[in-house]
Amino acid sequence: MSSPIITRFAPSPTGFLHIGGARTALFNWAFARGRKGKMLLRIEDTDRERSTDAAVTAILDGLTWLGLTWDGDAVSQYARAERHREVANELLKRGKAYHCYCTPQELEAMRAKAEAEKRPIRYDGTWRDRDPSSAPAVVKPVIRFKAPQQGETVIEDHAQGRVVIPNKDLDDLIILRSDGNPTYNLSVVVDDHDMGVTHIIRGVDHLTNAARQTQIYLAMGWSVPDMTHVPLIHGPDGAKLSKRHGALGVEAYRAMGYLPAALRNYLARLGWSHGDDEIFSTEQLVEWFTLDSLGKSASRFDFAKLENLNGHYIRHTPDAELLRHLLAFMPHAEGGPDLLARTDDAMKAKLLRAMAGLKERAKTLVELLKGAAFLYASRPLSMDDKARQILVDGGHAALAALHPVLAGAGDWTAHTLEAAVKTHAEQAGLKLGKLAQPLRAALTGTSTSPGIFDVLEVLGRDEALARIADQAKP
RNA sequence: GCGCCCUUCGUCUAUCGGUUAGGACGACAGCCUUUCACGUUGUAAAGACGGGUUCGACUCCCGUAGGGCGCGCCA
């Protein structure tokens, strides 16, 4: 029996959980869940300057909202610095690392010179084989990894295939800063090893790091985890994801009214596929997901397709469940908190009854909420331009004639109301639209809404009749 | 500049040497209809370019072009 699968998601808390990170987390999660493995969460906070607690919270909240759960507690990488130092010293002892006394200024000059001469920008190995006794006493040294200079480093990658990097192109990276704190590449290797990570799934922007990390694994005599570097997500214009495009935190997607399930489905189809399947459940994703079915080229973020998917999910979510989503969404919506405060049990009941008609017309929860606005409106309703025009073009009179008809209807249900209005239309020789549109205007203040008889029913006899009376003029 | 990677409809993708190159979003047109939607039917739309290999290339190889990523005492 093979050892259990352990994946990890390792974001750095320098900002929100952006969409690319969310997808990486989704893949790690799906892979682990599909194999009865575990997904660990590690916060890469070794950069004390830029890491913030707020970012950690945002990342945890984002993952939770997306429904991606991790096993065990989130691990702080910084908290493990002592262990990282220990490994750095072990490397030193093994002759796989050395002290470097170059100052940041000297390194800067080195880079500038290389750039001016159009040479590759790399550390020149000044202290690689130099006798430390010649070290300047005032400079606190860093520890650099003694990278192999000959041969090549190979990464067997599930998504990228076999990637070969010439060792001469990889310089001696710093693994321990002059202040004694470890750097990313060292910490990652030590943590992944100590945490028992078997599969690393992350963005291709880490491909070069994978090579350097592989060298460190080898230097320590540790086995190298299985690697998968997934292609990046670009903006609609093919360039880097910008704020305007999609480089937003997942909380922004929540505020735009997307359902977690829809976003998961959409994200899964970016860079991964299962034949022609477009719409599938998260359970199916977990069942179908394999590392080898990942693509290799970057994909562009397409809001139109996300909207379409989201609309599908909204339409297929049971009314009561959708109402819960809507209620949970309100605090994050513009003007939502105010509406939420006005949502008592009676209003919830109305929303629930209107939901079937509402959800057909919404691609996002923002639109769903907007569609429900007429339920919250108070008399006399304000009319938008189109509604006003309908009323002016004979609407007022039509309503005046309709009011007694509705008032005299038997029971206040969509069914009987529809029968009553249709009979009236026939007798008056009018097309149904000539009555429905004025009703819609009077009842909702707009020219679009769910089926008008459902609107009548949901509003209730008293409120509906009153709204009609408000607009009825001879 | 150096290294690595990528390139099928506008977009996401299927195809794993032999297909009329398929699906989805979007677009356009029709149908349905009390509005808006939903639904439904249909149309247009692709192998970057140039060489090979092969009986046969979107698929394999080489080159060109375009694009991406990386090259910090950041992660």
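Here the structure is a predicted model, which is why all the values come from computation and not from measurement.

(A) Region of the structure containing the layout of surface pockets. For the largest pocket, the calculated volume is near 1,200 Å³. Along the wall of the largest pocket there are 38 residues; nearest its centre are Pro-11, Ser-12, His-18, Asp-205 and His-206. If you list the elements that add at least two residues to the lining of the largest pocket, you get β1 (6-9), α1 (19-34), β9 (199-203) and β11 (233-234). With five residues, α1 is the largest single contributor of residues to the lining of the largest pocket. For the lining of the largest pocket, a count of residues per class yields 14 nonpolar, 15 polar and nine charged. Three or more residues apiece are contributed to the lining of the largest pocket by two domains, here domain 1 (6-69 + 233-300) and domain 2 (78-230). Space inside the second largest pocket adds up to approximately 490 Å³. With four residues, helix α14 (residues 365-371) is the single largest residue contributor to the lining of the second largest pocket. Its residues placed into classes, the lining of the second largest pocket shows eight nonpolar, seven polar and three charged.

(B) Structural view of the sheet that holds strand β5 (residues 142-145). Strand order across the open sheet formed by three strands is β4-β5-β8, with antiparallel pairing between neighbours. Edge positions in the open sheet fall to β4 (97-100) and β8 (174-176), since each of these has one partner strand only. Shown here is a sheet whose adjacent strand axes are inclined to one another by a mean of 45°, direction ignored. Bridge analysis of β4 against β5 gives four bridges, and the strand direction is antiparallel. Its bridge partner lying in β5, Cys-100 is registered against Val-142.

(C) Geometry of the sheet that holds strand β2 (residues 38-43). If you trace the three strands from one edge of the open sheet to the other, you get β1-β2-β3, paired in parallel fashion. Only two strands of the sheet have a single neighbouring strand rather than two, namely β1 and β3 (75-76). Relative to β2, β1 runs parallel, the two sharing four bridges. Residue pairing across strands places Ile-6 opposite Lys-38, the latter belonging to β2.

(D) Structural view of the pattern of salt bridges. Enumeration according to the criterion identifies 27 salt bridges in this entry. Two residues, Glu-156 and Arg-162, come together in a salt bridge whose shortest N-O distance is 2.6 Å. Assessed through its relative accessible area of 55%, Arg-162 is described here as exposed. Notably, a salt bridge pairs Lys-305 with Glu-278, separated by 3.4 Å at the nearest N-O pair. With a gap of 27 residues between them, Lys-305 in helix α10 (residues 303-316) and Glu-278 in the loop between α8 (260-268) and α9 (282-288) connect regions that are remote in the sequence. Taking relative accessible area as the criterion, Lys-305 reaches 38% and is therefore assigned partly exposed.

(E) Representation of the protein's contact with RNA strand B in the model. Taken together, 64 residues surround RNA strand B, and among them Arg-177, Gly-271, Glu-278, Lys-296 and Arg-440 come closest. Interatomic distance of 3.1 Å between a side-chain N/O atom of Ser-12 and a sugar or linking oxygen of RNA strand B. Between a base oxygen of RNA strand B and a main-chain N or O atom of Gly-451, the distance comes to 3.5 Å. Elements supplying a minimum of two residues to the surface near RNA strand B: α4 (104-116), β7 (161-166), α6 (207-220), β12 (299-300), α10, α18 (432-444) and α19 (452-459). With five residues, the top contributor of residues to the surface near RNA strand B is α18. When its residues are assigned to classes, the surface near RNA strand B shows 22 nonpolar, 21 polar and 21 charged.

(F) Layout of the domain arrangement of chain A. Examined at the domain level, chain A breaks down into domain 1 (6-69 + 233-300), domain 2 (78-230), domain 3 (317-376) and domain 4 (385-471). The gap between the C-alpha centroids of domain 1 and domain 2 is 27 Å. Each partner contributes to the interface: domain 1 provides 19 residues, whereas domain 2 provides 22 residues. Of the roughly 2,000 Å² buried at the junction of domain 1 and domain 2 (both faces included), carbon and sulfur atoms supply 55%. At the junction of domain 1 with domain 2, the criterion picks out three salt bridges. The salt bridge involving Arg-42 is made with Asp-192; its shortest N-O contact spans 2.8 Å. Taken together, the links from domain 1 to domain 2 amount to nine residue pairs in polar contact (both at pLDDT 80 or more). Mapped by element, the contributors of at least two residues to the side of domain 1 that touches domain 2 are β1, α1 and β2.

(G) Summary view of the nonpolar core. Within the largest apolar cluster, 97 residues are counted, with the highest numbers of intra-cluster contacts made by Leu-375, Leu-406 and Leu-456. With nine residues, the top contributor of residues to this core is α1. Grouped together as the second largest cluster of nonpolar side chains are 31 residues, Val-163, Ile-200, Ile-216 and Tyr-217 included.

(H) Spatial organisation of the side chain of His-424. Within the element layout of this structure, His-424 appears in helix α17 (residues 414-428). Beyond its immediate chain neighbours, meaning those up to four positions away, His-424 contacts Ala-401, Leu-402, Val-405 and Leu-435.

The rules behind each value
- Think of each chain on its own: its residues are numbered from 1, step by step along the sequence as written.
- For this description, chains carry letters from A and ligands carry numbers from 1, given in the order in which they are written.
- At least 70 in pLDDT is required for a residue's local features to be given in this predicted model, at least 80 for side-chain atom pairs to be given and counted, and no such filter applies to totals for whole chains, interfaces and linings, which use all residues.
- Side-chain numbers here rest on the full set of heavy atoms in the structure, without hydrogens or water.
- Only protein atoms enter the 1 Å grid used here. Points where a 1.4 Å probe fits but cannot escape make up a cavity, open sets with protein on both sides within 12 Å along at least five of seven lines make up a pocket, and a residue lines them when an atom lies within 4 Å of a point.
- Grid points are joined across faces, edges and corners, and a volume is the space filled by probe spheres set on the points.
- Helix and strand labels come from DSSP, where a helix needs a run of H or I of at least four residues and a strand needs a run of E of at least two; each type is numbered from the N terminus.
- Three categories are distinguished: nonpolar for Ala, Val, Leu, Ile, Met, Phe, Trp, Tyr, Cys and Pro, charged for Asp, Glu, Lys and Arg, and polar for the others, with Gly belonging to the last.
- Domain extents, as shown, originate in an automatic or database domain assignment.
- Any two strands with at least two DSSP-identified bridges between them are counted as paired.
- The angle between two axes is taken between their N-to-C directions and runs from 0 to 180 degrees, where each axis is a line fitted to C-alpha atoms and a helix contributes only its stretch in contact.
- Just to be clear on terms, a salt bridge is a Lys or Arg side-chain nitrogen sitting within 4 Å of an Asp or Glu carboxyl oxygen.
- The buried label applies to any residue whose accessible area, calculated with a 1.4 Å probe on protein chains only, is under 20% of its type's maximum; exposed applies above 50%, and partly exposed to all values in between.
- Nearness is judged by heavy atoms alone; a residue qualifies as near a molecule or strand once a single heavy atom is within 4 Å of it.
- N or O atoms within 3.5 Å of each other form a polar contact, as long as, within protein, one can give a hydrogen and the other can take it, and as long as residues adjacent in sequence are counted only when both atoms are side-chain atoms.
- Any two residues whose heavy atoms approach within 4.5 Å at even a single point are treated as in contact.
- The quantity reported as buried area is the accessible area (1.4 Å probe) lost by two parts once they are put together, taken as the sum for both.
- For our purposes a nonpolar core is just a set of buried Ala, Val, Leu, Ile, Met, Phe, Trp, Tyr and Cys residues, chained together by side-chain atoms within 4.5 Å.

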